Amino acid sequence: MVLKYLTRIFGSSNDRILKKLQPIVEEINQLESQIKQLSDENMCQKTSELKERIENGDLLENFLPYAFALVREASVRTLGLRHFDVQLIGGIALHNGTIAEMKTGEGKTLMSTLPAYLNALTGKGVHIVTVNDYLARRDAEWMSKIYHFLGLEVGVILHNMNDQERKVAYRSDITYGTNNEFGFDYLRDNMKFDKNSLAQRELNFAIVDEVDSILIDEARTPLIISGPAEKSTHLYSQVNTIIPTFIKDTDYTLDEESKSVALTEAGVAKGEKLLTVDNLYDPANIEILHHLNQALKAHTVFKKDTDYIVQNNQVVIVDEFTGRLMTGRRYSEGLHQALEAKENVKIENENQTLATITFQNYFRMYKKLSGMTGTALTEAPEFKKIYNLDVLEIPTHKKMIRIDHPDLIYKTKKEKYNAAIQEIIRLYKKGQPVLVGTISIDVSEDMSEKLKKKGIPHTVLNAKHHQAEAEIVANAGQKGAVTISTNMAGRGTDIVLGEGVIELGGLHILGTSRHESRRIDNQLRGRSGRQGDPGSSRFYLSLEDDLLRIFGGDRIHSVMDKLGIEEGEHIEHRFISKAIENAQSKVEGHNFEIRKHLLEYDDVMNQQREVIYQQRRKALVEESLKPLVMEMLEDKVYDVVDEFALEKTPILQWDLEGIKARLRQAFNYSPDLDDAVKNNDSAQKLSGFLFGTLKTIYDQREAAF
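Every value quoted in this text rests on a predicted model; they were computed, and no experiment measured them. (Residues numbered from 1 in each chain as written. Predicted model: local features only at pLDDT ≥ 70, side-chain atom pairs only at ≥ 80, totals over all residues. Heavy atoms only, no water.)

Observations concerning the overall build of the protein chain
And step 1. Each helix and strand counted, the protein chain has 28 helices and 20 strands in total.
And step 2. Expressed along its principal axes, the backbone C-alpha trace of the protein chain runs to roughly 100 × 85 × 55 Å.
And step 3. Looking at the protein chain as a whole, 52% of its 705 residues qualify as buried.
And step 4. Restricting to contacts in the protein chain with at least 6 residues of sequence separation, those with at least 24 account for 74%.
And step 5. For the protein chain, the accessible surface area stands at approximately 33,700 Å², while carbon and sulfur atoms represent 51% of it.
And step 6. Within the protein chain, one finds 90 positive and 105 negative side-chain charges whose respective centroids are separated by 4 Å. (Helix = DSSP H or I, 4+ residues; strand = E, 2+ residues; numbered from the N terminus. Buried < 20%, exposed > 50% of the residue type's maximum accessible area, 1.4 Å probe, protein only. Contact = heavy atoms within 4.5 Å. Areas by Shrake-Rupley, 256 points an atom, 1.4 Å probe, with all protein chains shown as cover. Lys, Arg positive; Asp, Glu negative; His and termini not counted. Charge placed at Lys NZ, Arg CZ, Asp CG, Glu CD.)

Structural data, given as structure tokens:
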């Protein structure tokens, strides 16, 4: 209560930051008339002048207003779009290494051109990171008109590019690409044997679009480059055949909250009998036990057309947060092979990890990092803790007037879907466009079948029908349009309203389930009500939905029973919506723990990875490795002497034979240590003598070579 009172008087910390940025915005606005007087040629020339100022030691902050004013005018001349003041605020926030939370349709793509241009002037490169190839290509082509007008080069990294094409793209002033491509290129560069084939430059500044999706949602899955391991796949098929005989709660227990499965004693006994094994927990049988556990997980935890699809006789992972296919990505530790056995497709060989990194550790390598999204505030503590990134909420250009109705909750899924279908039919007859959000591919296709039977024309957007994505999204705001989509329609797409739609109430969002993450629900809602347009949203839920069933359905169930809710009737109350948000908050906390543990594990590997990759890069890039070899030679000699000749121990007690044996093993060098210690009566002197001798031998062999 006290905090709310103080906030009312002094404003929130967000308000205070916005107030501090306002004078910079006013300065940019004052420069507008001056910049308008410049010819196209003079504007391009200004880029060279600003670069020269940087070379002479000037700071970017000193001419930020001028650079932003240049970009704004370049945008007007090339795209016919003028940056709003709120976009200038967002641009400043991005330059300052902050996450800008900006509502859908407010122009994040255009906003990013401001800090991208300013930071590209250093010549060290700017990476603009998107969630998929389609957006990377679209944004690069769209925004490159501004950059080219101002004399900068733009590159884009796409999945099917070869090494030379990637190298050219990375040498551009501004490079667009997906998080996967940037991360994998980093790993690939650190596996190369020729410095001329290295693609990336030093990681300077990254602007991450849909930053919560990339740095939070995808952070649970590390990037892995793997190679085939020489192992037979027969055991996967063998184990797969016995899994259907295992009975839930008798042979195994399933924890849906943590998405884990465990064999019971009865299940272990059954496995031993069916696989003719005496003891599954015998170290000799540990691989069989692992196969059994993975096969059980594949059959009970992972669902076809939700977690993965089968396409061209291959198991392809579906990203649970974006609804997109993760082509080329495979589950590790034999889980992918277990799914292939389950779906009766070709079982690929197991892979061994050759290089790996988490998104957290990759993006923390940039000298400066910033991001933009419509939904970041719910994860602000995690951004601060993991990436040291603050979140700034950017005000909207026009007031948001979308109406978010309370959730409708039914007892069963059947009742929920029936009610949702009736609402879609009502909206279709009215002519109001509706975007139907589903959490999985199978639900989207089931809804499609129901609408077909009712004779309602519609389009479906999911990972199976992603080719026509741009066209489907472009038409989703037209009069009478019905669009059924997974989370694919939730990011990176603006739905423009057709003629006469504003009078009908704008685009209506109909969610058929709540997602585990509140951000994903907010992303779906955010498709409607862009830039002051009217719009509305409502979620339809049932007590059989996974979220309610696992994380809080009992309490709501008892309320519905007490109220005597009949079949087909619903309950609608803010208390219910709050209870659901609490359930989502609980899941988000659980997922944060998973990400935190993954990062803690990778941090240990990261220390080793940094040292190895640093040494490897030196070996590739430096003209002579002799200084590095000498440094390693000296360290090794001192380590050997320290091990067998302690400084405070009398010389007679030194283990000279131990030193000799270790030097012979390491360098094929056997010195006469009896003579050496006479003239070098301390461990320090002996180490220096041995290193000097070895250095001389090295020099002689180098000269002979």
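From this point, the narrative continues.
Observations concerning the environment of Cys44
And step 1. Take Cys44: it is sitting in helix α3 (residues 40-55).
And step 2. In this structure, the C-alpha to C-alpha distance between Cys44 and Leu150, residues 106 residues apart in sequence, is 4.4 Å.
And step 3. For Cys44, the contacting residues outside a window of four places in its chain are Phe149, Leu150 and Gly151.

So, the packing of helix α18 (residues 413-430) against helix α19 (residues 441-453)
And step 1. Where α18 meets α19, the axes come as close as 11 Å, and the angle between the chain directions of the two elements is 60°. Considering their axes alone, α18 and α19 lie oblique with respect to each other. Relative to α19, the crossing made by α18 is right-handed. Each of Tyr417, Ala420, Ile421 and Ile424 in α18 lies in contact with α19, whose residues at this interface are Val443, Met447, Lys450 and Leu451.
And step 2. When grouped by side-chain class, the residues that make up the contact of α18 with α19 number seven nonpolar, no polar and one charged. (Axes fitted to C-alpha atoms, helices over the stretch in contact; angles between N-to-C directions. Parallel < 35°, antiparallel > 145°, perpendicular 65-115°, else oblique. Left-handed = near helix turned anticlockwise from the far one by under 90°. Nonpolar A, V, L, I, M, F, W, Y, C, P; charged D, E, K, R; others polar.)

Some points on helix α5 (residues 85-95)
And step 1. Here α5 lies mainly inside the structure; 10 of its 11 residues are buried.
And step 2. Gly97, located one to two residues past α5, shows a positive phi value of around 75°.

Details of unusual backbone geometry
And step 1. Positive phi values are uncommon outside glycine, yet Asn312 reaches one of about 55°.
And step 2. Position of Asn312 relative to the elements: it lies in the loop between β9 (308-311) and β10 (314-317).
And step 3. With phi around 55°, Asn388 is a residue other than glycine that occupies positive phi space.
And step 4. Looking at the secondary structure, you find Asn388 in the loop between α17 (380-387) and β13 (391-393).
And step 5. Judged by its relative accessible area of 54%, Asn388 falls in the exposed class.

Section: the domain arrangement of the protein chain
And step 1. Under the domain assignment used here, the protein chain contains domain 1 (1-223 + 360-393), domain 2 (233-348), domain 3 (403-572) and domain 4 (625-704).
And step 2. Here the C-alpha centre of domain 2 lies 42 Å away from the C-alpha centre of domain 1.
And step 3. In this assembly, 10 residues from domain 1 lie in contact with six residues from domain 2.
And step 4. Both sides together, the interface formed by domain 1 and domain 2 hides about 670 Å², and carbon and sulfur atoms give 45% of it. (Domains from an automatic or database assignment. Buried area = accessible area lost by both parts, 1.4 Å probe.)

Observations concerning the nonpolar core
And step 1. Within the largest apolar cluster, 55 residues are counted, with the highest numbers of intra-cluster contacts made by Tyr117 and Ile174.
And step 2. Here this core takes eight residues from helix α4 (residues 64-78), the largest share from any one element.
And step 3. Once you skip the residues sitting within four places of it in the chain, Ile174 turns out to touch Ala116, Tyr117, Ala120, Val126, Ile128, Tyr147, Leu152, Glu153, Val154 and Gly155.
And step 4. Within the second largest apolar cluster, 38 residues are counted, among which are Leu203, Val211, Ile357 and Phe359. (Core = buried A, V, L, I, M, F, W, Y, C linked by side-chain atoms within 4.5 Å.)

Comments concerning the pairing of strand β2 (residues 126-130)
And step 1. Burial within β2 is extensive, with five of its five residues counted as buried.
And step 2. In the sheet, β2 pairs with strand β5 (residues 205-209) via four bridges, with the strands oriented parallel. Following the sheet pairing, His127 is matched in β5 by Ala206. (Pairing = 2+ DSSP bridges.)

Here's the deal with the packing of aromatic side chains
And step 1. Summed over all chains, the structure comprises 10 aromatic pairs.
And step 2. Between Tyr170 and Phe182, the aromatic rings sit 5.9 Å apart at their centres with planes inclined by 55°, giving tilted as the arrangement. Of this pair, Tyr170 sits in helix α9 (residues 163-170) while Phe182 sits in helix α10 (residues 179-189), placing them 12 residues apart in sequence. Note on accessibility: Tyr170 and Phe182 belong to one class, buried.
And step 3. Following the ring pairs from residue to residue traces out a cluster consisting of Tyr186, Phe359, Tyr362, Phe363, Tyr366 and Tyr613.
And step 4. Lys270 extends its terminal NZ or CZ atom over the ring of Phe246, reaching a point 5.5 Å from the ring centre. (Phe/Tyr/Trp six-rings, centres within 6.5 Å; stacked < 30°, edge-to-face > 60°. Lys NZ or Arg CZ within 6 Å of the ring centre and 35° of its normal.)

Looking at the environment of Asn180
And step 1. As for its position among the elements, Asn180 is in helix α10.
And step 2. What makes Asn180 partly exposed here is its relative accessible area of 21%.
And step 3. Distance from Asn180 to Asn160, taken between C-alpha atoms, is 13 Å for residues 20 residues apart in sequence.

Observations regarding a negative patch on the surface
And step 1. Taken together, Glu631, Glu634, Asp635, Asp639, Asp642 and Glu647 make up a surface patch of like negative charges.
And step 2. With respect to the helices and strands, Glu634 occurs in helix α25 (residues 626-644).
And step 3. You can call Glu634 partly exposed: its relative accessible area is 32%. (Patch = residues over 30% accessible without salt bridge, like charges linked within 9 Å, V, L, I, M, F, W, Y side chains within 5 Å. Salt bridge = Lys/Arg side-chain N within 4 Å of Asp/Glu carboxyl O.)

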